[in-house]
Amino acid sequence: SQKIEQNSEALNIQEGKTATLTCNYTNYSPAYLQWYRQDPGRGPVFLLLIRENEKEKRKERLKVTFDTTLKQSLFHITASQPADSATYLCALLTYSGAGSYQLTFGKGTKLSVIP
Amino acid sequence: NAGVTQTPKFQVLKTGQSMTLQCAQDMNHNSMYWYRQDPGMGLRLIYYSASEGTTDKGEVPNGYNVSRLNKREFSLRLESAAPSQTSVYFCASSEALLPTYEQYFGPGTRLTVT
């Protein structure tokens, strides 16, 4: 089965810097990859989706890259703000046959942006 | 729109008791999901329903049953609760069971089994 590793459980950065979070996976390459944000006591919220044939995707201050050779996705937040402090989850979707997709979430990286 | 709603928000059960977690969505989505989230384990899929009238097992279905009551509602039942089922349960929905569709999550139910 697919295994996902998010580089660290916690990441602290200074306000205004770029935060970079890593999602590594094993086994076969996923067709799609999603990133979610989760605040304490709340459900995850979708941020971005990237397809395997896309190298990069951007949304405002967010950027996601997808390298199927390295089996890795990087999630960047530029000009980070304290309001960006949250846990970020990556989720891999791989086709498991008969029209079904297997969805696997990483454990998440808790980002703290220090003023 | 309320999005995805879950009831109850908190629940404490004794071992062996049963209960049903309720989930409803008002976005006219076809697919619905139940996950559990444990510290250090990430989100794990329990059951999902691709469309009204169908349900399928996910990664950790043992000890649970589900019912897709109609297009809006998807319930999760614990027939005989065990301490290992202490967790936060999230319901989610998406337009369809395709990876290009984002999932919308509810606020969660925090369940403790003693």
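The structure displayed is predicted, hence computed values, not measured ones. (Residues numbered from 1 in each chain as written. Chains lettered and ligands numbered in written order. Predicted model: local features only at pLDDT ≥ 70, side-chain atom pairs only at ≥ 80, totals over all residues. Heavy atoms only, no water.)

*Asks:* Please clarify how the interface of chain B and chain A should be interpreted in this entry.
*Replies:* Interface extent is often summarised as the accessible area lost during association of the parts. Residue-level contacts link 19 residues of chain B with 20 residues of chain A. In total, about 1500 Å² of surface goes out of reach between chain B and chain A, with carbon and sulfur atoms giving 60% of it. Where chain B touches chain A, the interface holds 0 salt bridges. Where chain B meets chain A, there are 4 residue pairs in polar contact (both at pLDDT 80 or more). Elements represented by at least two residues in the side of chain B that touches chain A include exactly β4 (31-38) and β5 (42-49) of chain B. Here the side of chain B that touches chain A gets 3 residues from one element, more than from any other, and that element is β5 of chain B. Across the side of chain B that touches chain A, the residue classes tally to 11 nonpolar, 6 polar and 2 charged. (Contact = heavy atoms within 4.5 Å. Buried area = accessible area lost by both parts, 1.4 Å probe. Salt bridge = Lys/Arg side-chain N within 4 Å of Asp/Glu carboxyl O. Polar contact = N/O pair within 3.5 Å; in protein donor to acceptor, adjacent residues only side chain to side chain. Helix = DSSP H or I, 4+ residues; strand = E, 2+ residues; numbered from the N terminus. Nonpolar A, V, L, I, M, F, W, Y, C, P; charged D, E, K, R; others polar.)

*Asks:* I keep staring at the pattern of salt bridges and nothing clicks. Help me out?
*Replies:* Where side chains of opposite charge bring their charged atoms close, a pairing between them can arise. Taken as a whole and judged by the stated rule, the model has 7 salt bridges over all chains. A salt bridge links R61 of chain A to D84 of chain A; the shortest N-O distance between them is 2.9 Å. With a gap of 23 residues between them, R61 of chain A in the loop between β6 (56-59) and β7 (62-67) and D84 of chain A in the loop between β8 (72-77) and β9 (86-97) connect regions that are remote in the sequence. You can call R61 of chain A partly exposed: its relative accessible area is 26%. Where salt bridges share partners, they join R36, D38 and R44 of chain B into one cluster. (Buried < 20%, exposed > 50% of the residue type's maximum accessible area, 1.4 Å probe, protein only.)

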